[in-house]
Amino acid sequence: MDAKADCGDAGVTIVVCSSCRDDRGSDEYPRAGERLARSAKQAAQDSAIRVRQVECLGNCKRRLSAALLRDGCWSYVFGGLAADSGADLVTGAELFSQTTDGTIPWRGRPDSLKRGLVARIPPSDFLKDIA
């Protein structure tokens, strides 16, 4: 059974892998990951959701990739996104920001975030020592 997270009023940050290539592996610029970051930033412009980018999330086999982060909560990594999935990421981030238990509810989650879930990473205070 999962422990409950204490997320308080922690805001949500979308982190997009800006170096991700498209499904053809194209080197064209801007890269598909950078286009996804721009799509997310545009979708989040009237919200409290932050959008940042990082050079690589190391999820190259399931590109395009992004993560949702919230201090004290679970973190989520998604793959198999499209360059225009920014609105889906913002919808997921908004759902995440409204929870008190630190998890993104399944209901209401965009399909791309349902089928694209790669990992759910616990907050460090959920970790247990090996006996």
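Provided above is the structure to which this section pertains.
Residues numbered from 1 in each chain as written. Predicted model: local features only at pLDDT ≥ 70, side-chain atom pairs only at ≥ 80, totals over all residues. Heavy atoms only, no water.

### Looking at the overall build of the chain
For the chain, the helix and strand inventory stands at three helices and five strands. Ordering the α and β elements of the chain from the N terminus gives β-α-β-β-β-α-α-β. Put simply, the chain has 131 residues, and 44% of those count as buried. Within the chain, contacts between residues separated by at least 24 positions form 67% of all contacts whose residues are at least 6 apart in sequence. In the structure as shown, the chain presents an accessible area of about 7800 Å², 47% of it carried by carbon and sulfur atoms. (Helix = DSSP H or I, 4+ residues; strand = E, 2+ residues; numbered from the N terminus. Buried < 20%, exposed > 50% of the residue type's maximum accessible area, 1.4 Å probe, protein only. Contact = heavy atoms within 4.5 Å. Areas by Shrake-Rupley, 256 points an atom, 1.4 Å probe, with all protein chains shown as cover.)

### Overview of the state of the cysteines
Here the structure, examined in full by the defined rule, presents zero disulfides. Here Cys17 stays free of any disulfide, with the sulfur of Cys20 as its closest cysteine sulfur at 3.4 Å. (Disulfide = S-S within 2.5 Å.)

### Considerations on the packing of aromatic side chains
A full pass over the atoms with the stated rule returns three aromatic pairs. Aromatic side chains Trp74 and Phe126 sit 5.6 Å apart centroid to centroid with 90° between the ring planes, which places their arrangement in the edge-to-face category. Pair noted here: Trp74 is in the loop between strand S3 (66-70) and strand S4 (75-78) and Phe126 is in the segment after strand S5 (117-121), with a separation of 52 residues, a long-range link. In terms of burial, Trp74 and Phe126 fall into one category: buried. By the ring-pair criterion, three or more aromatic residues cluster together here, those being Tyr76, Phe78 and Phe96. Directly above the aromatic system of Phe96 lies the positively charged group of Arg70, at a separation of 5.7 Å from the ring centroid. (Phe/Tyr/Trp six-rings, centres within 6.5 Å; stacked < 30°, edge-to-face > 60°. Lys NZ or Arg CZ within 6 Å of the ring centre and 35° of its normal.)

### Quick look at the packing of helix H1 (residues 32-43) against helix H2 (residues 86-97)
Put simply, H1 and H2 touch, their axes get as near as 7 Å, and they point 55° apart. Between H1 and H2, the interaxial angle falls into the category oblique. Our pair here, H1 against H2, has a crossing hand that is right-handed. Each of Leu36, Ser39, Ala40 and Ala43 in H1 lies in contact with H2, whose residues at this interface are Gly86, Ala87, Leu89 and Val90. A breakdown of the residues in the contact of H1 with H2 according to their chemical character gives six nonpolar, two polar and no charged. (Axes fitted to C-alpha atoms, helices over the stretch in contact; angles between N-to-C directions. Parallel < 35°, antiparallel > 145°, perpendicular 65-115°, else oblique. Left-handed = near helix turned anticlockwise from the far one by under 90°. Nonpolar A, V, L, I, M, F, W, Y, C, P; charged D, E, K, R; others polar.)

### Thoughts on unusual backbone geometry
The omega angle of the peptide bond from Arg63 to Leu64 is -15°, so this bond is cis rather than trans. Structurally, the position occupied by Leu64 is in the loop between strand S2 (50-54) and S3.

### Considering the pairing of strand S1 (residues 12-17)
Judged by how many residues are buried, S1 sits mostly within the fold: six of six residues are covered. Burial along S1 is two-sided: Val12, Ile14 and Val16 and Thr13, Val15 and Cys17, pointing in opposite directions, are all buried. Here five bridges tie S1 to S3, and the two strands are oriented antiparallel to one another. Considered in S3, the bridge of Val15 is made with Ala67. Here S1 pairs with S2 via five bridges, running parallel. Bridge assignment links Val16 to a residue of S2, and that residue is Gln53. Chirality of the crossover, the property in question, places the unit of S1, H1 and S2 among those that are right-handed. (Pairing = 2+ DSSP bridges. Right-handed = clockwise from strand over helix to strand, strands pointing away.)

Shape descriptors only; they carry no functional weight alone.
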